[in-house]
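The lines below spell out each chain.
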Amino acid sequence: MSALMSKVKVKNPIVEMDGDEQARVMWHLIKRKLILPYMDINLKYFDLSIQNRDHTEDKITKDSALATLKYQVAIKCATITPDEARMKEFHLKKMWKSPNGTIRNILGGTVFREPIIIPKIPRLIKHWESPIIVGRHAFGDQYKAVDLKIPDEGTLQIGYKDKLDGEKSMERKVFEYPKRGGVVMIMYNTTDSIEDFAKASFELALKRNLPLFFATKNTILKNYDGYFKDLFQKIFKEQFEQRFDALGITYEHRLIDDMVAQMLKSKGGFILALKNYDGDVQSDIVAQGFGSLGLMTSVLITPDGKIFESEAAHGTVTRHFRKHQHGEETSTNSIASIFAWSRGIIQRGKLDSTPDVVRFGQWLEKSTIDTVQIDNIMTKDLALLLGKTSRSSYVTTEEFIEAVKNRLDKELKKFNEQKNSKAKL
Ligand SMILES: NC(=O)C1=CN([C@@H]2O[C@H](COP(=O)(O)OP(=O)(O)OC[C@H]3O[C@@H](n4cnc5c(N)ncnc54)[C@H](OP(=O)(O)O)[C@@H]3O)[C@@H](O)[C@H]2O)C=CC1
Ligand SMILES: O=C(O)CCC(=O)C(=O)O
């Protein structure tokens, strides 16, 4: 950046949640090359690496979520959710829960995943012309479930004890396990959270002027999914139907198996609200259908629009990190991680009413897309989508971020020249 250009001042802090592996490698490069040279920004830093979560007994994860409630805007790098193999790899004290689950349970809200469309990148599903935004309920279900191994023959029962009225308490026999037992999972959700999920989904449909679908398996889970379906319908009728009609957009509940088949046949251009686990899985299918996991953005928004957390939808890209650890070159797509930063910056600017901060976030996004679309510089995943396999058709992880920096510098130079020439007139 030229010495004549001053840094963009960000009025209020952004919570930064650092992560693991290749995602962390990209995160640090983005921060060092694309953010800190241009922005005067107070980042409230939380190191959510697996090592630090273990060291702090996962307190760091809760602290980062509480800081997000305080400062309203957070950006998150992908993190490892440990399993047995990770326990051994990092000598962990405990198999810590998913940090995403912990954070989303503290913040509440809905996760909306939207692909970044770069015109020249062909889509795996070629007739998907417009984005499909997946709205994922971010509270409860499998992510807060109690799952147990059942050792042997025996009876499984569940019980609910009402706090005030014993009449409402209930007990159910669930299953008689045969010899050698099996497994069980108990998951839950709350009326408040489901209603918030519905409202956030309807609000986004209105904001984006897109039809909304909500898909569940209510024919099988009559009480569980049926309750979600009924609450959505009630809130739609009472609070949103007239506004949907005025815009000419629709809301419909579909069975999830029918919905995913319809989605594959569609041209895109709608919002699909899904329960927590369904949204997790389907958003990866949508990401791949639009091209690459590296092109999928993810933001968590509370129904009142006050709390915002942005991240890339992909994970820590372990396979690429193994190469990085061995000193081999990598070509990992950093676009969704750059957008995690830019979306957080834009939200901060909007909340603070600082248009120059919003503008910087938009420049960063434009520069990233133009690097691929105009300069024809891209990582291997995108080159492969264009049918190119030669080494010269793609750049390394580091070279791509450097190329975005060059574009960003050009964009800033152009803006400053225009500003100066206007000032001279
Ligand atoms: N939000 C979060 O924090 C999430 C964290 N995770 C965690 O991430 C870790 C790894 O999970 P994993 O299942 O491997 O999922 P990942 O999303 O990290 O990667 C799966 C594969 O998708 C491709 N891919 C993903 N992102 C990119 C990218 N930016 N550029 C190019 N290719 C990409 C790669 O394919 P290829 O190797 O063919 O190039 C990669 O090996 C796990 O520990 C998991 O817990 C997982 C999901 C979300
Ligand atoms: O938190 C996890 O372990 C998985 C999260 C995830 O897959 C996602 O955010 O898409």
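For every chain, the first residue of its written sequence is number 1, and the numbers climb from 1 along that sequence. Going through the entries in the order they are written, you letter the chains from A and number the ligands from 1. Thresholds applied to this predicted model are a pLDDT of at least 70 for local features of residues and 80 or more for the giving and counting of side-chain atom pairs; totals over whole chains, interfaces and linings are not thresholded and use all residues. Side-chain measures were taken over the full set of non-hydrogen atoms in the model, leaving aside hydrogen atoms and water.

**Let's talk about the site of ligand 1**
The near set for a molecule or strand comprises every residue that places at least one heavy atom within 4 Å of it. The local shell around ligand 1 holds 20 residues, among which G315, V317, R319, H320 and N333 are the closest. Interatomic distance of 2.8 Å between a backbone N/O atom of G315 and an oxygen atom of ligand 1. Side-chain atoms alone can form a polar contact between residues adjacent in sequence; in general such a contact is a pair of N or O atoms within 3.5 Å, and within protein one must be able to donate a hydrogen while the other accepts it. In this structure, N333 approaches ligand 1 through a main-chain N or O atom, which is 2.8 Å from a nitrogen atom. Surface exposure here means Shrake-Rupley accessible area, sampled with a 1.4 Å probe, where a residue is shielded only by the protein chains that are shown. Taking 870 Å² as the accessible area of ligand 1 by itself, protein coverage stands at 69%. The biggest single contributor to the shell around ligand 1 is helix α10 (residues 318–325), with 3 residues. Here the shell around ligand 1 is built from residues that sort into 4 nonpolar, 11 polar and 5 charged. Where helices and strands are cited, they refer to DSSP runs of H or I of at least four residues and of E of at least two residues respectively, numbered from the N terminus. Each residue gets one of three labels, nonpolar for Ala, Val, Leu, Ile, Met, Phe, Trp, Tyr, Cys and Pro, charged for Asp, Glu, Lys and Arg, and polar for the others, Gly among them.

**A short note on the pairing of strand β16 (residues 308–312)**
Under the scheme applied here, a residue whose accessible area is under 20% of the maximum for its type counts as buried, over 50% as exposed, and between as partly exposed, the area being computed with a 1.4 Å probe on protein chains only. Burial analysis of β16 places 5 of its 5 residues in the buried class, which makes it a mostly covered element. Of the two faces of β16, both are covered, the one formed by F308, S310 and A312 as well as the one formed by E309 and E311. Where strand β5 (residues 73–76) and β16 come together, 4 bridges link them in parallel fashion. Within β16, the residue paired with I75 across the bridge is S310. The pairing criterion for strands is at least two bridges between them, as found by DSSP. Looking at chain direction, strand β15 (residues 296–301) and β16 are connected through 5 bridges and run antiparallel. Bridging from a neighbouring strand, I301 pairs with F308 of β16. Remark: 6 residues form the turn of the hairpin made by β15 and β16, two consecutive strands paired antiparallel; G305 in that turn has positive phi of roughly 75°.

**Here's the deal with the site of ligand 2**
Around ligand 2 sit T81, S98, N100, R104, R113, R136 and D280, and that is every residue in its neighbourhood. At 2.5 Å, a side-chain N or O of S98 approaches an oxygen atom of ligand 2. Between an oxygen atom of ligand 2 and a side-chain N or O atom of R113, the distance comes to 2.8 Å. Relative to its unbound accessible surface of 290 Å², ligand 2 loses 75% to contact with the protein. Grouping the amino acids of the shell around ligand 2 by side-chain chemistry returns no nonpolar, 3 polar and 4 charged.

**Description of the nonpolar core**
Nonpolar cores are built from buried Ala, Val, Leu, Ile, Met, Phe, Trp, Tyr and Cys residues. Side-chain atoms within 4.5 Å join them into one set. Membership of the largest hydrophobic core comes to 70 residues, with the highest contact counts inside it found for M39, F202, F244 and I335. Broken down by element, this core gets its largest block of residues, 8 residues, from helix α6 (residues 191–208). For each domain, the first and last residues come from an automatic or database assignment. Looking at which domains feed residues into this core, each of domain 1 (9–118 + 294–425) and domain 2 (123–137 + 188–290) gives three or more. Every residue pair with non-hydrogen atoms within 4.5 Å of one another is taken to be in contact. Every residue in contact with F202, bar those within four places of it in the chain, is listed here: L212, F232, I235, F236, F240, F244 and Y251. Counting residues in hydrophobic clusters, the runner-up holds 17 residues, among them W128, M263, L274 and F290.

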